[in-house]
Every structure is written in C-alpha cells, then in structure tokens.
Amino acid sequence: MKNKKSLVILIAVLFLVILAGCNSKAKTEESKINKEPYTDQQSLLGTYVQVRIYDDGKKDVLEKAFARVKELGNKITVNEKGSEVDEINEQAGIKPVKVSDDIYPLLKRAYEYSEDSAGGFDMAIGPITQLWHIGFDDARKPSQEEIDQALKLVDYHKVKLNDEDQTVYLEEKGMQLDLGAIAKGFITDEVVKVLKDNGVTTAIVDLGGNVYVLGHSPRGKDMDWNVGIQDPNKARNTVVGTVQESNKTLVTSGIYERFLEVDGKSYHHLFDPKTGYPFDNDIAGVTVITNKSIDGDGLSTAVFAMGVKKGLEYAEGLKDVDVIFVTKDDQVFVSKDIEKVFELGKDSGYTMGDRKDLK
C-alpha cells in the first residue's frame, strides 16, 4: 500500500509490546491461554504485519486474519489496478464510483476526520503526497510552483459521498484520495473483528505501528498488557516509557519514519494540507490510545497538526482518548488521564515536560 502514514517503519515512534513475565500458563485451566502464542508475520501494506494469538487451539484463525488484511489492502491501495480507491482517483472530475460495503464506511470516517480536524487531516491530500513521494526511490523536493498547483486540488469539501448509491465522486480532475493516514487503523479494527468472531480472547495485532492488545495479558488473570513506547531516536527495543492497557489500540505518527534529505535539511512524510510541506512544529512523535484503531489513526494526524499544547487540549476534550507526545527537545507530555499510569523509563534520557512551558 503506497503513501501510507507510518507504513514504512524505520526509526519511527513505534510500539514494543512487552511480554515480560509470560512464563507460565494462565492460572485457571478454563481460560486455556497459552504461554507462547501462535504467531505469523508477513510483509504487507508496505510494512510488516504480525498477529499473535494466545488462545489454545486457535492457530487456524491466523490464516483468516491475514486473508482479511490482504482483501482490504487490495481494495484500498493507491495506484494499483483493481483498487477501489485507485478507481475513484482515475474517475476524478468524470463520474462517481460505486464502492463496496467494506470501503464506504472507511471513506465516511475519513471525511468526518477531515471536518473534525478543520483540514489538519485531509483525505484529498493525494496530489501533495504523490508530488513529494517520500519513502520511495523517486522522492524529491518539488518546486514551489508545483506545490502551489497541487494545493489547488487538495480540498476534502470536493469529495462527494452519496449514501443512497454508495458512490464517491471527486469534483475536479487531478484530485486524489490518499487514505494512508487512516487505512491501517481501519484494517486493524477489521482484523480484531475476525479474531473475536472466531472466539479469540487474548491476542496482539500489530500493523507496523498500529497495535491492538486484545483481552488481558497471559501474565495472569485480569492483568493488563504492559506496552512500551518506542524511543524515536534509538534502536528497536529501546523504550521511552510504558503504559498498561487492555482492549485498546495504540497508534503512532513520527517524523523519523520516512524522510527526504535535501541540502542538509530533512523533510518528513507528514504533510500539512494547507502549505504542501511537512508539518513544522515541536513534535518528534505522538502516540494515541483509543478503543478503535481507525480513530487513533485519524487523531494522530489531527493532533500532530495542532502541536503539543493544542493537541493535548483537543485530545482531553474527547472521550476514551489519551495521547503521549515526544518532543524534538527530548521531553514527554501525556494527557491527564494517564499521568499516573505512564512510567517514564529511568534510563531513557527523556524528561517529563511541564505544561506551563508550552506555548
């Protein structure tokens, strides 16, 4: 899947699901939760996808989970024949395109987040992401004239959704949808549905930065998973801190995931729909904790666009949403509801920021 936010995972703000202490079967035989999970990992959607299932006798569900990832990926991928989103882009300014029951709800949610974020997230950002193409071999810094022309086509208001006919129409030729900032969350939620529908109660779904922890940790009855937040400036398995969660999803966005360096300046892949350039603020990475991964995806882009201060205020006004910001000057800020449960790593090299210093 091309042009996906966080899809090519390099030194991004990622998640390390810490399974320390999983050294015995669950205490009660009734639960039938194994010490070691059934695991499969495949390279899909331009990233790695891993599913771990701890329920005894549920190994066959792995195949069903990955089949769902592939099915949805084929419908959403940009610039791939047969993709529903690619068909919508090809018919821009020509005619509406009828889409499947799978994809229409995704498009509706993308439109809602475009509105809720006042355009900080814009589902029609495609002309800009295609122009820069960061993360691909032909990535380049466009001229200002090219950016100005592309920006004329970035406007989610010109995406027309018809609920009755289940069609999508881009009003101007050259417009392009890019659902990379929300697609992985949507697919993660669909995989979780597959697991639940097949009787899985304890599992981890990881779509390269979109993590869902299902049920409770195998460490013991009613124990939360201990989830580590990857340090954006260090090698894998080095964490900034940890939180404990169950039946939650954690989604990251970070400026180190994919970038282009030109004349000594680094340009990351998270674009401001208003300027056509990468967002320029104090954030190195942000983690969003929600009930649904699609919400975490949409919100991670929205709060990244706002910066730390406004992003914290916005997230704290929402129900069942928590955020963790890592700033460029090595400070960590967390939303109020998780201040007591977030543990900063003692040797992380980071400090907890003071909100009074935020501007």
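So, a few notes on the structure that sits alongside this text. (Residues numbered from 1 in each chain as written. Predicted model: local features only at pLDDT ≥ 70, side-chain atom pairs only at ≥ 80, totals over all residues. Heavy atoms only, no water.)

### Structural notes on the side chain of Q166
Part 1: Mapped onto the elements of the fold, Q166 is located in the loop between strand 5 (159-162) and strand 6 (167-170).
Part 2: Under the relative-accessibility criterion, Q166 is labelled buried at 17%.
Part 3: Only 3.2 Å separates the side chain of Q166 from the backbone oxygen of S100, close enough to count as a polar contact.
Part 4: Among all residues touching Q166, those that are not within four sequence positions of it are V97, K98, V99, S100, D101 and Y104. (Helix = DSSP H or I, 4+ residues; strand = E, 2+ residues; numbered from the N terminus. Buried < 20%, exposed > 50% of the residue type's maximum accessible area, 1.4 Å probe, protein only. Polar contact = N/O pair within 3.5 Å; in protein donor to acceptor, adjacent residues only side chain to side chain. Contact = heavy atoms within 4.5 Å.)

### Re the sheet that holds strand 4 (residues 97-98)
Part 1: What the 3 strands build is an open sheet, ordered 4-6-5; its pairing is antiparallel. Across the chains shown, the open sheet's two edge strands, defined by having one partner strand only, are strand 4 and strand 5.
Part 2: Pairing of strand 4 with strand 6 involves 2 bridges; the strand directions are antiparallel. Pairing of V97 across the sheet is with V168, part of strand 6.
Part 3: Contacting strand 5 and strand 6, helix 3 (residues 103-116) runs over the sheet at an angle of about 130° to strand 5. (Pairing = 2+ DSSP bridges. Axes fitted to C-alpha atoms, helices over the stretch in contact; angles between N-to-C directions.)

### As for the environment of D320
Part 1: In this fold, D320 is placed in the loop between helix 8 (308-316) and strand 15 (322-327).
Part 2: The exposure class assigned to D320 is partly exposed, which follows from its relative accessible area of 39%.
Part 3: Setting aside its immediate chain neighbours within four residues, D320 contacts K248, I289, T290 and N291.
Part 4: Within the structure, D320 has its side chain in polar contact with the side chain of N291 (distance 3.3 Å).

### Description of the packing of aromatic side chains
Part 1: Taken as a whole, this structure holds 3 aromatic pairs when the rule is applied.
Part 2: Consider the rings of Y54 and W225, whose centres lie 5.7 Å apart with planes at 55°: the pair is tilted. With Y54 in strand 3 (residues 47-55) and W225 in strand 9 (residues 225-230), this residue pair connects regions lying 171 residues apart in the sequence.
Part 3: Judged by its relative accessible area of 1%, Y54 is buried.
Part 4: A relative accessible area of 0% means that W225 is categorised as buried.
Part 5: Ring centres 5.4 Å apart and planes at 75° place the aromatic pair Y111 and Y156 in the edge-to-face group. Here Y111 is found in helix 3, whereas its partner Y156 is found in the loop between helix 5 (144-151) and strand 5, with 45 residues between them in sequence. (Phe/Tyr/Trp six-rings, centres within 6.5 Å; stacked < 30°, edge-to-face > 60°.)

### Comments concerning the side chain of D206
Part 1: Structurally, D206 is set in strand 7 (residues 203-206).
Part 2: There is no salt bridge for the buried D206, and the closest opposite charge comes from R52, which lies 4.9 Å off by N-O distance.
Part 3: One polar contact links D206 to Y48, side chain to side chain, over a distance of 3.1 Å.
Part 4: If we ignore the near neighbours within four places in the chain, the residues touching D206 are Y48, V49, Q50 and V211. (Lys, Arg positive; Asp, Glu negative; His and termini not counted. Salt bridge = Lys/Arg side-chain N within 4 Å of Asp/Glu carboxyl O.)

Function-wise, these values are silent; they only describe arrangement.
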